[in-house]
There are 2 protein chains.
Amino acid sequence: MIELDFVLVIGLLSLAVAAFLARGVWKQDEGTERMREVAGFIREGAKGFMKRQYATIAGLTIVFAVALFVLFTFFEPGRAFTSAICFVVGAAFSALAGIVSMLIAVNTNSRTASSAATGISAALRTAFRGGASAGIIIVALALLGIALIYMAFGQDPQETPFIIVGYAFGASFVALFAQLGGGIYTKAADVGADLVGKIEANIPEDDPRNPAVIADLVGDNVGDCAGRGADIFESTAAENIGAMILGVAIFSALGTNGVLFPLVVSALGLLASIAGIFAVNMKEDGSPMAAMNLGFWVTSGISVVLLYIATMVMLGSTWLFAAGTVGIVTAIAFVYITEHYTEHKFRPVMRIVEGSRSGPATNFLSGFALALESTGPTVIVVSAALLASFYFGVQSDVPNGGLFGTAMATMGMLMTAAYILAMDMYGPITDNAAGIAQFAGAKGESRRRLDKLDSVGNTTKALTKGYAIGSASLAAFLLFSAYMTEVAKLTGKPFDVVNIAQVHVFVGAAMGALLVFLFTSRAVRGVSKTAEYIIAEVRRQFADKAIMSGKKKPDYAKCVDITTQGALRNMVLPGLLVLMIPVVIGLLLKAEAVAALLIVGTIVGILFATFLNNAGGAWDNAKKYIEEGFEGGKGSDAHKAAVVGDTIGDPFKDTAGPSIHVLIKLLATITLVLAPLFI
Amino acid sequence: MIELDFVLVIGLLSLAVAAFLARGVWKQDEGTERMREVAGFIREGAKGFMKRQYATIAGLTIVFAVALFVLFTFFEPGRAFTSAICFVVGAAFSALAGIVSMLIAVNTNSRTASSAATGISAALRTAFRGGASAGIIIVALALLGIALIYMAFGQDPQETPFIIVGYAFGASFVALFAQLGGGIYTKAADVGADLVGKIEANIPEDDPRNPAVIADLVGDNVGDCAGRGADIFESTAAENIGAMILGVAIFSALGTNGVLFPLVVSALGLLASIAGIFAVNMKEDGSPMAAMNLGFWVTSGISVVLLYIATMVMLGSTWLFAAGTVGIVTAIAFVYITEHYTEHKFRPVMRIVEGSRSGPATNFLSGFALALESTGPTVIVVSAALLASFYFGVQSDVPNGGLFGTAMATMGMLMTAAYILAMDMYGPITDNAAGIAQFAGAKGESRRRLDKLDSVGNTTKALTKGYAIGSASLAAFLLFSAYMTEVAKLTGKPFDVVNIAQVHVFVGAAMGALLVFLFTSRAVRGVSKTAEYIIAEVRRQFADKAIMSGKKKPDYAKCVDITTQGALRNMVLPGLLVLMIPVVIGLLLKAEAVAALLIVGTIVGILFATFLNNAGGAWDNAKKYIEEGFEGGKGSDAHKAAVVGDTIGDPFKDTAGPSIHVLIKLLATITLVLAPLFI
């Protein structure tokens, strides 16, 4: 089919562009010998962790693939083989995307550090283009995977989308463990390094005497880069397949076009993102944020134009185009909401700064209150977007067009995914670059440039979290509509009511909310526990006077190893919890209760993730603001209070929050795949 | 009708018993002159606050009564007058109950302090009987109020329950402001007094030099006593009327008996509680907790027997009796769950103690993780109770008996309400007594006895919060079933589906969850803001050397006044938020979306309140444990960390958490009353 060919061509073309961008980065100088050395440590640490992490994940994947096969043999033998295969393919592609993006990140960091000697624009270019190449690869791989299995499994527009849901489940499965394991790793190392290094021993951040510093730098790559990469890979996979299923539901009106439209739009989004990436060019005295914002506007603008063309050609409905633009506008709105709640230019962060004056408790309470408040605009924007896109969909006169309208909004929002990922990866890469420079003793102008880029990285990271939660929220409605469509297809009876006024459905709903609470609890505890091991190890090494005086090198590898083990050990239980609860509820209370679990779990997940992300971001920036010299600056009581808030916020914003994005989509894909068991 | 006569007789009899108990307390000596003096300060402060608080609430009540009248004149003129009147009567009875319980508390505190000179059993007896008299009065007044307006408004078993829902709304309305205002008052004063007194100036708790100490002691009475009193008053009112409405739904099977049964069971519960209260007798070398536990078991045991008799006589169904016992068992289960998560005998609190070793951030994270985890057993017990009581109800062969089964469970749980309230009030009374003794410079054996009683008070307070959230959870299902019954009656069409798979209902559900987040945010910020005013004032007074050296009396009245103003100012906005959101959603998105708001708001509310209560309780007890000399004891770094956790937990457990109990029921009653507007 021409649409599939188009998607394949764009996907391959994007991979070529990514290779071109990566080659440009590779050509840069790797910096001084000391820089190369520390970059080498980071590379080894990251590779070592990912190798063991993906070995664990591979083991779990095989167990689940077998379990899927066996379960389906009993309940729906016709799908046993395909489900298991699609699951494994999704998992494998997701793992590939994660590994490639990590490899790019660990090779871009030192090159960014060294190009800062040339100028700030050169450093930005290196970091951003490295991140962009990873971002493009992730989205392109997700898309190519779907196109390929769609071709492999029959190309029947009314059947194949249901058959390949296992691909999305495999992607979510890997994403959960990648994000959770990486998130625990990065924050446990960070908390461990800071609590003993900065607070107890009073040495600066990224000081080479701190044995946990390499583990901390490794964390940026395995948590932020590989984790978020797996998250967006999963979004692309799940939301495309979910939208294709809704396309089946309106097959009578739009035919094959409705089914393949999501893939085409995603491919066009890749093109728009690539254009945006090439538009990022900063003058030497310009603002890095402004340069990246320009690229985002270019991507958004081109997306609107391409979306219009595609909608008119394939679906022939201006109303559906309007529904799609709702998604693009929502993406922009989320970026601004996040900025308002996490930037010190605005009132909320300043309230935390004021709260820091009376100590850590009031610093905490201010942040807690404002982060809870930040869920307000988030939910209102999502609600408005859903109601508007649903309304536009209904106006389109397509039967069941309302639901397809919400799907259109999700597709619109995801068009900018590759660009957003580029901005996101830029964050940890510059963070690493600054760390490498500090570690290698770089001074002067080049160091100052990296700090400036790094502080912008904090903002872009926060923004992309806002975007991720926004897209997860919009997609939620699409995904559980897909679930209901699938159940209806399986039972041959209409299934469009989830009546929470029934006791067993109410219990399902309560379990959905509970799941989010328990998962957050376990994710946070995973960080605490792993951090405890690191704290003990760093204290042990600091007891050696030779290390503190700088005469003897600390044992970095030992800390990396402890963090790796702790993160892997603590990621399994919360992951299994999320996988088991929906299955148990589905088997005991059946399909309608599971739908309630999915819906209410999603609502609570969105609120919780928003709360956690914004709380963490705001505390972080309040601390940074004080460190700029306000309220007594570094070392003051206000600063000490702000450090406590920042430490609390670390697992909120970089472990639990992002893992909940993944959790929401995993709930959707696991119920989609296991639907035959619940009827 | 014989049932109503029975309820009136028991109600009046209970008031007589309460008067007898109060008289016994009043006969006790008021203690030394210094004790009388400080008790006088507390009494004046509490009266002053409650006078202004209830003046504000009265103003709001009148505005809402008029608004109700006007709205109903447009939508349902037949009910305009009755709704407004019932609302005002409910509000007035609730206010009366709150004021009486506060008056009893402020007269029992100094008498408890002085009777500690005789012995620990005498002090326990004074405190517990004072609390018991307030507890009995609250439940009896709630019940008498319903019986009286039921008689006044026609006694038509199929109509009157719908007419008098305004009574429950009035009670919830007052309870929200009473709990929120009192909760802000008590914790702002506590945080303010501690942060400047204990941490900055390094003087002990309840030291007479601290200008905020009287405000802090007043807070126990207006927050814990009056607030929780209004909460349980509301529970009794809302759940009785809700159960009566479900009685109407099964009128064909059980007739008038089904409608009046809830009132009879509540009256019997009062009898059981009175028996339990008289069973509390502690030996001089015994354990105060064991004495109160014995009373609880006596109450529970007698409740089961009386419930059996009532069910067999009026409903003639063993299955419905079984459903009722589910509630009694659930009450016991909740007490144990709360104990597990907040007592230092168990693992969770010890984990916080361990976390305190690495500082405030890890202390916080440990508590955060365990409090989130504590929602697990809570939700599972509630789910099991709902499923079991529903199942028993279905077995009873009463049509729609499943829902009535869940109502039976709620009635069973609420039978012990008066006893639980007695235990609850005991907490703030002994807390005050210990404060008065410290303030008056009491030393030796008598002081030690009060401290022992006070530490038990912390446990009983935590347990009653567990009970309150448990009863709110069970009642939730009853109350929204009542809402749906009412909508069905109004429209003349069956209304038994709340389909969250529709976009507008989904948005309603999301708004329900959001409401809890925003309310919590505002409640916490209310405490922070008010505390800031107090901190500034205490610092200002401490600047006067004469105060710090004890030569000059600090200006207590000024701090009381500032706290009063701050609490009143900050209670209005969150209160209005809770009242407006359901109305706006109801008018825009209609009855089904409101039902979803109510259901999901309740689920999230239960989880959040459990999280907040248990987090606060656990941090508090971790701190107390360290103060007993472990981990370096008072003044150690671990202790400093634990103090931060305790301060964060204060507004969690005594402001936001308990206010959410009220919020949940308010959502139910406001939707019940305004149902005619949403169709």
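None of these values were measured; they are calculated from a predicted model.

Criteria and cut-off values
Residues numbered from 1 in each chain as written. Chains lettered and ligands numbered in written order. Predicted model: local features only at pLDDT ≥ 70, side-chain atom pairs only at ≥ 80, totals over all residues. Heavy atoms only, no water. Helix = DSSP H or I, 4+ residues; strand = E, 2+ residues; numbered from the N terminus. Rg over C-alpha atoms; globule rule 2.2 N^0.38 Å. Buried < 20%, exposed > 50% of the residue type's maximum accessible area, 1.4 Å probe, protein only. Contact = heavy atoms within 4.5 Å. Areas by Shrake-Rupley, 256 points an atom, 1.4 Å probe, with all protein chains shown as cover. Lys, Arg positive; Asp, Glu negative; His and termini not counted. Charge placed at Lys NZ, Arg CZ, Asp CG, Glu CD. Expected span 1.5 Å × (residues − 1). Bend = angle between axes of the 7 residues up to and from the residue. Least-squares fit on C-alpha atoms with pLDDT ≥ 70 in both. Patch = residues over 30% accessible without salt bridge, like charges linked within 9 Å, V, L, I, M, F, W, Y side chains within 5 Å. Salt bridge = Lys/Arg side-chain N within 4 Å of Asp/Glu carboxyl O. Core = buried A, V, L, I, M, F, W, Y, C linked by side-chain atoms within 4.5 Å. Phe/Tyr/Trp six-rings, centres within 6.5 Å; stacked < 30°, edge-to-face > 60°. Lys NZ or Arg CZ within 6 Å of the ring centre and 35° of its normal. Buried area = accessible area lost by both parts, 1.4 Å probe. Nonpolar A, V, L, I, M, F, W, Y, C, P; charged D, E, K, R; others polar. Axes fitted to C-alpha atoms, helices over the stretch in contact; angles between N-to-C directions. Parallel < 35°, antiparallel > 145°, perpendicular 65-115°, else oblique. Polar contact = N/O pair within 3.5 Å; in protein donor to acceptor, adjacent residues only side chain to side chain. Left-handed = near helix turned anticlockwise from the far one by under 90°.

Caption draft 1: Structural context of the overall build of chain A. Scanning chain A from N- to C-terminus turns up 20 helices and zero strands. In terms of overall size, chain A behaves like a compact globule, its C-alpha atoms giving a radius of gyration of 24 Å where 679 residues would be expected to give roughly 26 Å. Overall, the C-alpha framework of chain A stretches about 75 × 50 × 45 Å when taken along its three principal axes. Out of the 679 residues in chain A, the part that is buried amounts to 70%. When contacts within chain A are restricted to residue pairs at least 6 apart in sequence, those whose partners lie at least 24 apart make up 84%. In the form shown here, chain A has an accessible surface area of approximately 19300 Å², with 63% of it arising from carbon and sulfur atoms. Averaging the locations of the 48 positively and 50 negatively charged side chains of chain A gives two centres separated by 5 Å.

Caption draft 2: Representation of helix α20 (residues 637–674) of chain B. Residue and element names in this part refer to chain B. Over its 38 residues, α20 runs 54 Å from end to end, which matches the ideal 56 Å to within 8%, given 1.5 Å per residue. Maximal helix bending in α20 amounts to about 35°, located at G649; proline P651 follows within four positions. For α20, the buried fraction is high: 36 of the 38 residues fall into the buried class.

Caption draft 3: Just the relation of the copies chain B and chain A, in detail. When chain B is brought onto chain A, the operation consists of a screw motion whose angular component is 180° and whose axial shift is 0.0 Å, with 0.0 Å RMSD remaining. This pairing of chains is accounted for by a two-fold axis. For chain B, the residue whose C-alpha comes nearest the rotation axis is B:N499, separated from it by 2.3 Å. Residue by residue, 100% of the interface of chain B is reproduced at the interface of chain A, so both copies engage with the same surface.

Caption draft 4: Local environment of a nonpolar patch on the surface. All names here are of chain A. A cluster of nonpolar side chains, namely I62, V66, F69, V70, F74, F75, F81, I85 and L587, defines an oily patch on the protein surface of about 890 Å² accessible area. Sorting the residues of the nonpolar patch by element identifies α2 (33–75) and α3 (80–115) as the ones contributing at least two each. A relative accessible area of 38% places L587 in the partly exposed class.

Caption draft 5: Representation of the nonpolar core. Ranked by size, the top nonpolar core spans 548 residues in total, and within it A:F404, A:Y483, A:F608, A:F652, B:Y483, B:F608 and B:F652 carry the most contacts. Not counting chain neighbours up to four residues away, the residues in contact with B:F652 comprise A:F364, A:L365, A:F368, B:F611, B:L612, B:N613, B:A615, B:W619, B:G657 and B:P658.

Caption draft 6: Fine view of the packing of aromatic side chains. Applying the stated criterion to the full structure yields 63 aromatic pairs over all chains. With 4.9 Å between their ring centres and 70° between their planes, A:F477 and A:F480 make a pair best called edge-to-face. One end of the pair is A:F477 and the other is A:F480, both in helix α16 (residues 444–491) and three residues apart, which spans about a single turn. Note on accessibility: A:F477 and A:F480 belong to one class, buried. Each ring, one from B:F517 and one from B:F608, has its centre 4.9 Å from the other, and the planes form 55°; the classification is tilted. Of this pair, B:F517 sits in helix α17 (residues 503–542) while B:F608 is found in helix α19 (residues 556–627), placing the two residues 91 residues apart along the sequence. Of the residues examined, B:F517 reaches a relative accessible area of 0% and is grouped as buried. Positioned above the aromatic ring of B:W26 is the side chain of B:R111, whose terminal nitrogen or guanidinium carbon lies 5.4 Å from the ring centre.

Caption draft 7: Here's a closer look at the interface of chain B and chain A. On the chain A side, the residues contacting the 63 residues of chain B number 63 residues. Interface area for chain B against chain A, summed over the two sides, is near 5700 Å², with a carbon-plus-sulfur share of 82%. Looking at the side of chain B facing chain A, the largest losses of area belong to B:V503, B:F506 and B:F517, adding up to 12% of the total buried there. Taken together, chain B and chain A are joined by four salt bridges. Secondary-structure elements contributing two or more residues to the side of chain B that touches chain A are α13 (360–395), α16 (444–491), α17, α19 and α20 of chain B. Grouping the amino acids of the side of chain B that touches chain A by side-chain chemistry returns 46 nonpolar, 12 polar and five charged.

Caption draft 8: Looking closely at the environment of A:F404. All names here are of chain A. Its place among the elements puts F404 in helix α14 (residues 401–414). Remark: the alpha-carbon pair of F404 and S94, spanning 310 residues in sequence, is separated by 27 Å. For F404, the contacting residues outside a window of four places in its chain are A243, L246, G247, I250, L254, G258, L315, L320 and M411.

Caption draft 9: Main features of unusual backbone geometry. Positive phi outside glycine occurs at A:D206, with the angle close to 60°. Mapped onto the fold, A:D206 is located in the loop between α6 (165–200) and α7 (213–249). The exposure class assigned to A:D206 is buried, which follows from its relative accessible area of 14%. In this structure, B:N202 is a non-glycine residue whose phi angle is positive, near 60°. Relative to the elements of secondary structure, B:N202 occurs in the loop between α6 (165–200) and α7 (213–249). Under the relative-accessibility criterion, B:N202 is labelled exposed at 66%.

Caption draft 10: Structural view of the packing of helix α11 (residues 318–342) of chain B against α19(B). Residue and element names in this part refer to chain B. Across the interface, α11 lies against α19 with an axial gap of 8 Å and an inter-helix angle of 45°. Comparing their axes, α19 and α11 come out oblique. Residues T338, Y341 and T342 of α11 form the contact with α19, whose own contacting residues are N614, G617, A618 and N621. In the contact of α11 with α19, the residues fall into two nonpolar, five polar and no charged.

Caption draft 11: Up close: the side chain of B:K653. On the secondary structure map, B:K653 appears in helix α20. Of note is the side chain of B:K653, whose polar atom sits 3.0 Å from the side chain of B:D650.

Caption draft 12: How the structure looks around the environment of A:A178. All names here are of chain A. Relative to the assigned elements, A178 resides in helix α6. On the basis of relative accessible area, A178 is assigned to the buried category, the value being 2%. In sequence terms A178 and A230 are 52 residues apart; their C-alpha atoms lie 6.8 Å from each other. Beyond its immediate sequence surroundings of up to four residues, A178 is in contact with Q53, Y54, I57, G183, G227 and A230.

Caption draft 13: Representation of the packing of α7(B) against helix α14 (residues 401–414) of chain B. Residue and element names in this part refer to chain B. Following both chains from N to C, one finds α7 and α14 inclined at 155°, their axes separated by 10 Å at the closest point. With respect to α14, the axis of α7 lies roughly antiparallel. Considering only the axes of α7 and α14, their crossing is left-handed. Across the interface between the two elements, S235, T236, E239, A243, L246 and G247 of α7 pack against L403, F404, A407, T410, M411 and L414 of α14. Looking at side-chain class alone, the contact of α7 with α14 contains seven nonpolar, four polar and one charged residues.

What is shown is where atoms sit, not what they do.
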